[in-house]
Amino acid sequence: MTDEQLLEKIDRIVEKQISSQLAPIIGILNTHSTLLEAHGAILNDHSSMLKAHGKTLDIHSKLFRDLKRKVNKIDWVVNYISKNFDEKISKNTKDIALIKIHVGLPTKN
């Protein structure tokens, strides 16, 4: 056997050994690749859901701001009416006291 034939024989043996040892690794890599593709699809679905939730949150945020403005306006009106009502009660109480004094009725302080 020539040196060249011997090298070819050694090369085939080494290649066969490497192939037999790499076969399980290649199987595992193929399985991992399949799992990664499935996870990629799931992540894409989640991304779509998050975008939809983001749009919903934007809508709710706008509605909340509008509602807050309306509540603030209502609060302002209620405070305004309450203040005016209290001022009218105070003024009416003073007017009634003056009328009682003018008519001569007893008043309590």
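Treat the numbers as computed from the prediction; the structure is a model and nothing was measured.

Cut-offs and rules
Residues numbered from 1 in each chain as written. Predicted model: local features only at pLDDT ≥ 70, side-chain atom pairs only at ≥ 80, totals over all residues. Heavy atoms only, no water. Helix = DSSP H or I, 4+ residues; strand = E, 2+ residues; numbered from the N terminus. Rg over C-alpha atoms; globule rule 2.2 N^0.38 Å. Buried < 20%, exposed > 50% of the residue type's maximum accessible area, 1.4 Å probe, protein only. Areas by Shrake-Rupley, 256 points an atom, 1.4 Å probe, with all protein chains shown as cover. Patch = residues over 30% accessible without salt bridge, like charges linked within 9 Å, V, L, I, M, F, W, Y side chains within 5 Å. Salt bridge = Lys/Arg side-chain N within 4 Å of Asp/Glu carboxyl O. Lys, Arg positive; Asp, Glu negative; His and termini not counted. Charge placed at Lys NZ, Arg CZ, Asp CG, Glu CD. Expected span 1.5 Å × (residues − 1). Bend = angle between axes of the 7 residues up to and from the residue.

Caption draft 1: Summary view of the overall build of the chain. When you go through the chain residue by residue, the secondary structure sums to one helix and zero strands. In terms of C-alpha radius of gyration, the chain reaches 45 Å, well past the compact-globule figure of 13 Å for 109 residues. Of all 109 residues assigned to the chain, the portion counted as buried reaches 0%. Of the roughly 10500 Å² of accessible surface on the chain, a fraction of 65% belongs to carbon and sulfur atoms.

Caption draft 2: Geometry of a negative patch on the surface. Taken together, Asp-3, Glu-4, Glu-8, Asp-11 and Glu-15 make up a surface patch of like negative charges. Mapping Glu-4 onto the fold places it in helix 1 (residues 3-103). Residue Glu-4 is classed as exposed on the basis of its relative accessible area of 56%.

Caption draft 3: Summary view of helix 1. Between its first and last C-alpha, helix 1 extends 141 Å over 101 residues, near the 150 Å set by a 1.5 Å rise per residue. Its maximal kink placed at Leu-22, helix 1 deviates by approximately 35°, while the proline Pro-24 follows within four residues. Directly after helix 1, the chain includes Gly-104, whose backbone phi takes a positive value near 95°.

Caption draft 4: Representation of the pattern of salt bridges within the structure. A complete count under the given rule lists three salt bridges for this structure. Where Arg-69 meets Asp-66, a salt bridge forms, and the shortest distance between an N and an O atom there is 2.9 Å. Linking Arg-69 with Asp-66, this pair stays in helix 1, spanning three residues, or about one helical turn.

Caption draft 5: Here's a closer look at a nonpolar patch on the surface. Residues Met-1, Leu-6, Leu-7, Ile-10, Val-14, Ile-18, Leu-22, Ile-25, Ile-26 and Leu-29 make up a contiguous nonpolar surface patch of roughly 950 Å² in combined accessible area. Relative to the helices and strands, Leu-29 resides in helix 1.

Caption draft 6: Highlighting the environment of Glu-87. When you line up the elements, Glu-87 lands in helix 1. Overall, Glu-87 belongs to the partly exposed group, its relative accessible area being 44%. Distance in space between the C-alpha atoms of Glu-87 and Lys-16 is 103 Å, their sequence separation being 71 residues.

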